[in-house]
Amino acid sequence: MSILDDLKAIEAEAEEGLRNAGSLDALEQIRIAVTGKKGSLTAAMKMMGKLAPEERPAVGKLANQVRANVDAAIAKRKLELEKAVLAARINAEAADVTLPGRYLSQGTQHLISQIREEIEDIFVGLGYTVEDGPYVETTWYNFTALNAPEDHPSRSAKDTFYVVDNAPEGKESHVLGESDVLLRTQTSGVQVHVMENRKPPIYMICPGTVFRPDTADANHLPQFTQVEGLVVDEGITFGDLKGTLDYFTREIFGKDRATRYRPHFFPFTEPSCEVDVSCGVCGGKGCRFCNNTGWIEILGCGMVDPNVFRYCGIDPEKYTGFAFGIGVERVAALRYDLPDLRMLMTGDMRFLRQF
Ligand code: DAH
């Protein structure tokens, strides 16, 4: 075989190899085997020197042509393989931008927290401060300083969760070790804490959890939420109480709702009332929701009893004031016609997500 045939065979073999090369690695192996330093074509070209001078032009021409063809074929196949690699990658990593995005479910505030904050906003708008108080109280703060006598029925173990019973017989005071300890049954004790620690004028509310040994039913929960309010200043009258609470009820229930102040008794206020709001279901005509009365009770209130001022070291000759206690679950039930207060405690998201 002549060297010309060798060259043609090398070219044919290279082209065949390239056609079958399935990867860039395989292609590189072929390049090294043909045009690499120790490649078949390189070796053939080195033979040129050993040829007779008259053979050289024809062999040189063919050799250069084969070299150019092989280089071009390698470059072409390389491009094809690179395109295939890219196409495979695009295919594998493709993102379908028309698919719906991943939904990040967002929580909502519990209905009771929403209403508590709404009540806070109303009173902060009137210049009130928002106070906090302890869940665990002594009888001094929960009862005695609020003018509830020793034999007041609300003090009985039937109505109060007692935690520690350490008051020496007949000698109960605001000293911790000489007082029974309980879960507060009302937020009214915060009135005492605030008055002990601050001089009037006082305009404050205190939202918080309270506890009573009631079995949960449609209208009762053993743990619920109140917002206490207290105003102490010079020259405060019942008119201030009424104007404030009328404003509050209209803000929270709407301008079309009427209010009614019904005389009642609380140990720490005199006079005291319960406030009713006209029924939103029947518009005050009377229906099942309002027990056919046209009214629904939402809070207790009254003028601070001078005895409470004395217990807290405030001069009742100089200052007067009013207090109120709002039931937050009650407000929620009225706003949304909730048939059962227990719905607020079960954590059923189908119910809670509605608000
Ligand atoms: N603490 C009372 C209760 O739990 C509610 C209340 C009534 C609070 C009258 C007050 C008030 O501040 O003046 O039933």
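Here, the structure is the one placed above.
No experiment lies behind these values; they were computed from the predicted model shown.

Caption draft 1: Highlighting helix α7 (residues 189–197). Within α7, seven of the nine residues are buried, which leaves it mostly tucked inside the rest of the structure. Within α7 the residues assigned to the buried category are G189, V190, Q191, V192, H193, V194 and M195. Lining the buried residues of α7 we find β2 (136–138), α6 (139–142), β5 (202–211), β6 (223–233), α9 (306–311) and β10 (320–327).

Caption draft 2: Representation of the side chain of R77 within the structure. Mapped onto the elements of the fold, R77 is located in helix α4 (residues 56–93). Only 2.7 Å separates the side chain of R77 from the backbone oxygen of A21, close enough to count as a polar contact. Ignoring anything within four residues of it in the chain, the contact list for R77 reads L18, R19, A21 and L27.

Caption draft 3: View of the pairing of β5. In terms of burial, β5 is largely enclosed, as nine of its ten residues are buried. As paired strands, strand β1 (residues 129–130) and β5 are joined by two bridges and run parallel to one another. Within the sheet, the bridge partner assigned to T129 lies in β5 and is M204. Both β5 and β6 contribute to a ladder of ten bridges, which runs antiparallel. Looking at the pairing, T209 lines up with T225 of β6.

Caption draft 4: Highlighting the site of the ligand. If you check the shell around the ligand, you find 15 residues, and the closest are Q186, S188, R212, Q226 and E228. Between the ligand and S188, the relevant distance is 3.0 Å, taken from a nitrogen atom to a side-chain nitrogen or oxygen of the residue. Q191 has a polar side-chain atom sitting 3.2 Å from an oxygen atom of the ligand. Isolated, the ligand exposes 360 Å² of accessible area, and the fraction of that covered by the protein chains is 89%. Among the secondary structure elements, those contributing two or more residues to the shell around the ligand are β6, β9 (295–304) and β10. Looking at the shell around the ligand residue by residue, the classes come out as five nonpolar, eight polar and two charged.

Caption draft 5: Representation of the sheet that holds β6 within the structure. Read from one edge to the other, the open sheet built from seven strands follows the order β1-β5-β6-β10-β9-β8-β7, with strand pairing classed as mixed. This sheet does not close on itself; its edge strands, each paired only once, are β1 and β7 (259–266). With seven bridges joining them, β7 and strand β8 (residues 269–278) adopt antiparallel strand pairing. Residue pairing across strands places Y261 opposite V275, the latter belonging to β8. Across the sheet, helix α8 (residues 238–253) touches β7, β8, β9 and β10, and the angle it forms with β9 is around 150 degrees.

Caption draft 6: Up close: unusual backbone geometry. The omega torsion of the bond from P200 to P201 falls at 0 degrees, within 30 degrees of zero and hence cis. With an omega of -5 degrees, the peptide bond running from E270 to P271 counts as cis. For P271, the position within the fold is in strand β8.

Caption draft 7: Region of the structure containing the sheet that holds strand β3 (residues 162–164). Strand order in the open sheet made by the three strands is β2-β4-β3, with antiparallel pairing throughout. At either end of the open sheet lies a strand with only one pairing partner, and these are β2 and β3. Taking the axes of each pair of neighbouring strands and ignoring which way they run, one obtains an average angle of 40 degrees across the sheet. Inspection of the sheet shows β2 paired to strand β4 (residues 181–183) by three bridges, in the antiparallel sense. Within β4, the residue paired with E137 across the bridge is L182.

Scoring rules and cut-offs
Residues numbered from 1 in each chain as written. Predicted model: local features only at pLDDT ≥ 70, side-chain atom pairs only at ≥ 80, totals over all residues. Heavy atoms only, no water. Buried < 20%, exposed > 50% of the residue type's maximum accessible area, 1.4 Å probe, protein only. Helix = DSSP H or I, 4+ residues; strand = E, 2+ residues; numbered from the N terminus. Contact = heavy atoms within 4.5 Å. Polar contact = N/O pair within 3.5 Å; in protein donor to acceptor, adjacent residues only side chain to side chain. Pairing = 2+ DSSP bridges. Near = heavy atom within 4 Å. Areas by Shrake-Rupley, 256 points an atom, 1.4 Å probe, with all protein chains shown as cover. Nonpolar A, V, L, I, M, F, W, Y, C, P; charged D, E, K, R; others polar. Axes fitted to C-alpha atoms, helices over the stretch in contact; angles between N-to-C directions.

Such coordinate-based values are descriptive only and should not be taken to indicate function.
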